[in-house]
Amino acid sequence: MDFFSHQDQARKRSKQLVLLFAGAVICLIVLLNMLVSALLWVTDTQIVGTYTDVTELAFDPSTGLPQQPGLFAYMNVEQWLLISAGVIVVIVAASLVKWLMLRGGGRKVAESLGGRLLLPNSKDFYERRLLNVVEEMAIASGMPVPPVYVLDDASINAFAAGYQPSDAVIGVTRGCMTQLSRDQLQGVLAHEFSHIFNGDMRLNIRLMAVLFGILFIGLIGRFLLESSSRSMRYRSRDSKDNSGAALLGLGLGLVVIGYSGVFFGNLIKAAVSRQREFLADASAVQFTRNPDSIGGALKVIGYGAGSEISSPEREETAHLFFGQALPFRVSWFATHPPLEERIRRVDPRWDGRYMPPQTRDAAEHEAPEVASQTAGAGLSQEALARGIAAGIAGVSMAHSGAGAQQSAAPEPTAAVADSAQNLPRLQDAARDAYSARALVFALLMAEPSRFVHEQQLDMIRTQQGMDFYQQTLRILPLLRGLNPAERLPLVELSMPALKQLSDTQYQNFRQTLVQLAKADGEIDIFEWCLYRLVLQYLNPQFEPVQPVAAKHAKAEALTNELAIVLSTLAHFGHDTAEAASEAFNVAVSAAGFNGLALQPRSNSLKPLNQALAKLTEAYPHIKGRLVKAMQVCINSDGQQRPIELDLVRTIAAILEVPVVLN
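All values derive from a computational prediction rather than experimental measurement.

1. Observations regarding the overall build of the protein chain
- Along its length, the protein chain carries 28 helices and 4 strands.
- The buried share among the 662 residues of the protein chain stands at 54%.
- A separation of at least 24 residues holds for 79% of the contacts in the protein chain among residues at least 6 apart in sequence.
- Put simply, the protein chain shows about 28300 Å² of open surface, and 56% of that area lies on carbon and sulfur atoms.

Listed below in structure tokens is the structure:
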């Protein structure tokens, strides 16, 4: 699946969204101007008496009676323009306010829907099973493990939200968590992960802001309606002041216009959402290699569980969900394709029968290792080894278009199986906010000289305290036999726990990381990778999210930056300058880049940081070609070194692109 072309399509859909939004605003402006004209016309019941000079009155020649002005006689061009400008300002301001409210990324969306954050070390059976599936899929996909939220709905639904993978969250309903089998749950989550990779999440948040601006007119009408009702209740019956009635009419009219905003909003959601769901379904089948996974989940929905959401925010967020979140019966307004059509797309031989939900006994029998975890054990060695092995091997399957090499994920090697014997304890440490920090510190200081090691431990004891120092000492022995390629996946596994830190704890954590890395007087490539991953995944949690806008559509504008990144990868992945040059040239040719020259090997990582900062502003298709070039580069000598995998994983994370495209 070529996710980068689909990201370009998502960017184009953003432009279509602007046009649809403009059309909806124009319609609302016309309706509101007509409403104001109608109110002035209806409330002016003594229009004739307002004229003091009989020569100013127009008479009907057939009756000889004064003519009352028509509906539009009360509005001149200046007033129409003033009202139109006011409507535009209100809608744009409301959309902007909503967008600012959502700057926290996926976390803000999940909280607005009433989602409850699952703690990474939860022992509840269903929560533990859900978290395990998310962890395995994230590791195998080469992306950070996202926080998981649960909505208290008995229906079956799920969503992914955020601006980019680094601030993405996964949300599921209680019914999705408890009524689906493990394979079906995996299919739903694979569908949501594909939305992350396809670049749909940023479009979804923009759509939320746009819809709120359109719906805000109706909210104003509801407020005026309630206010006028209260004021008229306390006004004297014989009062001749009819301003309350006018306010009531204005409020009622705005509510009606607000419903027309709902109409336009639903059309917009339907226009940009339905085809994306077919694409995500197809991607889920590729991820899981099992059409029965997502097909089974859809069949359970059709059996009677349904997918409707009870949250008051569902009007604005329906397009985010796996299934139809609103009770629409008219296909024009549906944000998702018909359930039967989705099932037949993934299961052409479907016999038309739906499936009942899974029972608790069947779920525990299906996943006994999860049941054991609820009693205190960690994630099974087999499951975690499978996830990490897929994550390690997944880089070799990255591609940016047709013709890229495709292969199935290999089985875990003996080395991976041997190094997995301590993984349950390490994984348990990664799930707790306290021990996760100690794990990251220990990974950073796994193989320094004895003198530097003592310096680093002394830093931890001084800055973090004796208890934290002892926690780090307990973790260090577990890392001695660890495969170097497994270190960064463990860092990614710890991200949900580290996101539970307070602002002060996070700043202290970052400061200590820098000091530990600089203890020997230099920053090596693994230390750079670890620190950049921490910044990439945790900064959006503690600072406002700033989505990077695509600025560079042509690779020729990024020749120097592309050369620096590929040269760094070639030099660190090969022992000789000749081998590095050969790998670089093959990679450049495979990606179709022109004018790139191998840069001299540098001991400074500053040029790499500067190059990546500019490459984050590249269009998705350029990033996709770079991913393909990196894949060719690390495979040019027939082997993938851990340092190469670390670099590819970190560069892909910084560029917010997937490295696993099964």
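Moving on, there is more to tell.
2. A closer look at the environment of M445
- Position of M445 relative to the elements: it lies in the loop between α17 (433–444) and α18 (450–464).
- Here M445 falls in the buried class, since its relative accessible area comes to 0%.
- If sequence neighbours within four positions are ignored, M445 has contacts with H453, Q456, L457, I460, T472 and L476.

3. Observations regarding the environment of V90
- When you line up the elements, V90 lands in helix α2 (residues 77–101).
- A C-alpha to C-alpha distance of 9.3 Å links V90 and I214, two positions 124 residues apart in sequence.
- Once you skip the residues sitting within four places of it in the chain, V90 turns out to touch F216, I217 and I220.

4. Things to note about the packing of aromatic side chains
- The tally for this structure, following the rule as stated, stands at 7 aromatic pairs.
- Seen from their ring centres, Y506 and F542 are 4.3 Å apart, and the 10° between their planes marks the pair as stacked. Of the two residues, Y506 is situated in helix α22 (residues 503–517) and F542 in helix α23 (residues 525–542); the sequence distance between them amounts to 36 residues.
- The class for F542 is buried, based on a relative accessible area of 14%.

5. Digging into the sheet that holds strand β1 (residues 116–117)
- Pairing is mixed across the open sheet formed by 4 strands, whose spatial order is β1-β2-β4-β3. The strands lining the two open edges of the sheet, one partner per strand, are β1 and β3 (158–161).
- Judged from the 2 bridges that link them, β1 and strand β2 (residues 148–151) form a sheet pairing that is antiparallel. Across the sheet, R116 pairs through a bridge with V150, a residue of β2.

6. Observations concerning the pattern of salt bridges
- In the structure shown here, the tally under the stated rule is 20 salt bridges.
- Note that R342 and D281 form a salt bridge whose closest N and O atoms lie 2.9 Å from each other. Here R342, found in helix α11 (residues 339–346), pairs with D281, found in helix α8 (residues 243–288); they are 61 residues apart in sequence, far enough to count as distant. Each member of the pair, R342 as well as D281, is classed as buried.
- A salt bridge links D458 to R461; the nearest nitrogen and oxygen atoms lie 2.8 Å apart. Within this pair, D458 and its partner R461 are both found in helix α18, separated by 3 residues, close to a single helical turn.
- You can call D458 partly exposed: its relative accessible area is 37%.
- Look at R461 and you get partly exposed, because its relative accessible area is 30%.
- Salt bridges linked by common partners bring R128, E135, D428 and R431 together as one network.

7. Let's talk about helix α24 (residues 559–573)
- Between its first and last C-alpha, α24 extends 21 Å over 15 residues, near the 21 Å set by a 1.5 Å rise per residue.
- Extensive coverage of α24 is indicated by the burial of 12 of its 15 residues.
- Listed as buried for α24 are E561, L562, A563, I564, V565, L566, S567, T568, L569, A570, H571 and G573.
- In this fold, the buried residues of α24 make contact with α25 (577–591), α26 (606–615), α27 (620–635) and α28 (642–655).

8. Here we look at the packing of helix α9 (residues 291–305) against α11
- Closest axis-to-axis distance for the α9/α11 pair is 9 Å, and the angle between their directions is 160°. Taken together, the axes of α9 and α11 are roughly antiparallel relative to one another. Considering how the two elements wind past one another, α9 and α11 form a crossing that is left-handed. The segment α9 lies against α11, with P291, I294, G295, L298, K299, I301 and G302 engaging L339, R342, I343 and V346.
- Considering only residue class, the contact of α9 with α11 consists of 7 nonpolar, 2 polar and 2 charged.

9. Observations regarding a nonpolar patch on the surface
- A contiguous nonpolar patch, built from I26, V30, L31 and M34 and spanning about 330 Å² of accessible area, is present on the exposed surface.
- Along the polypeptide, I26 turns up in helix α1 (residues 3–43).
- According to the relative accessible area criterion, I26 is exposed, its value standing at 53%.

10. A word on the packing of α22 against α23
- Contact geometry of α22 with α23 gives a least axis separation of 11 Å together with a crossing angle of 170°. Judged by the inter-axis angle, α22 sits roughly antiparallel to α23. In contact with D503, Y506, F509, R510, L513, V514 and A517 of α22, α23 contributes E527, L530, Y531, V534, L535, L538, N539 and F542.

11. Examining the pairing of strand β4 (residues 169–173)
- Along β4, 5 of the 5 residues are buried, which leaves the element largely enclosed by surrounding structure.
- Neither face of β4 is left uncovered, since the one carrying V169, G171 and T173 and the one carrying I170 and V172 both have all their residues buried.
- Here 4 bridges tie β2 to β4, and the two strands are oriented parallel to one another. Each bridged residue has a counterpart across the sheet, and for V148 the counterpart in β4 is I170.
- Looking at chain direction, β3 and β4 are connected through 4 bridges and run antiparallel. When the bridges of β4 are listed, A160 appears paired with I170.

12. Looking at helix α16 (residues 423–430)
- Where burial is concerned, most of α16 is hidden: 6 out of the 8 residues are buried.
- L423, P424, L426, Q427, A429 and A430 are the residues of α16 that are buried.

13. Re unusual backbone geometry
- For R289, which is not glycine, the phi dihedral falls at a positive 55°.
- You can see R289 is positioned in the loop between α8 and α9.
- Judged by its relative accessible area of 48%, R289 is partly exposed.
- A positive phi angle, close to 60°, is found at E656, a residue other than glycine.
- Along the chain, E656 falls in the segment after α28.
- Look at E656 and you get buried, because its relative accessible area is 16%.

14. Some remarks on the environment of L298
- Mapped onto the elements of the fold, L298 is located in helix α9.
- Along the backbone, L298 and Y354 are 56 residues apart, and their C-alpha atoms lie at a distance of 8.3 Å.
- Ignoring any residue separated from it by four or fewer positions in sequence, one finds L298 in contact with F322, L339, R342 and I343.

Conventions adopted
Residues numbered from 1 in each chain as written. Predicted model: local features only at pLDDT ≥ 70, side-chain atom pairs only at ≥ 80, totals over all residues. Heavy atoms only, no water. Helix = DSSP H or I, 4+ residues; strand = E, 2+ residues; numbered from the N terminus. Buried < 20%, exposed > 50% of the residue type's maximum accessible area, 1.4 Å probe, protein only. Contact = heavy atoms within 4.5 Å. Areas by Shrake-Rupley, 256 points an atom, 1.4 Å probe, with all protein chains shown as cover. Phe/Tyr/Trp six-rings, centres within 6.5 Å; stacked < 30°, edge-to-face > 60°. Pairing = 2+ DSSP bridges. Salt bridge = Lys/Arg side-chain N within 4 Å of Asp/Glu carboxyl O. Expected span 1.5 Å × (residues − 1). Axes fitted to C-alpha atoms, helices over the stretch in contact; angles between N-to-C directions. Parallel < 35°, antiparallel > 145°, perpendicular 65-115°, else oblique. Left-handed = near helix turned anticlockwise from the far one by under 90°. Nonpolar A, V, L, I, M, F, W, Y, C, P; charged D, E, K, R; others polar. Patch = residues over 30% accessible without salt bridge, like charges linked within 9 Å, V, L, I, M, F, W, Y side chains within 5 Å.

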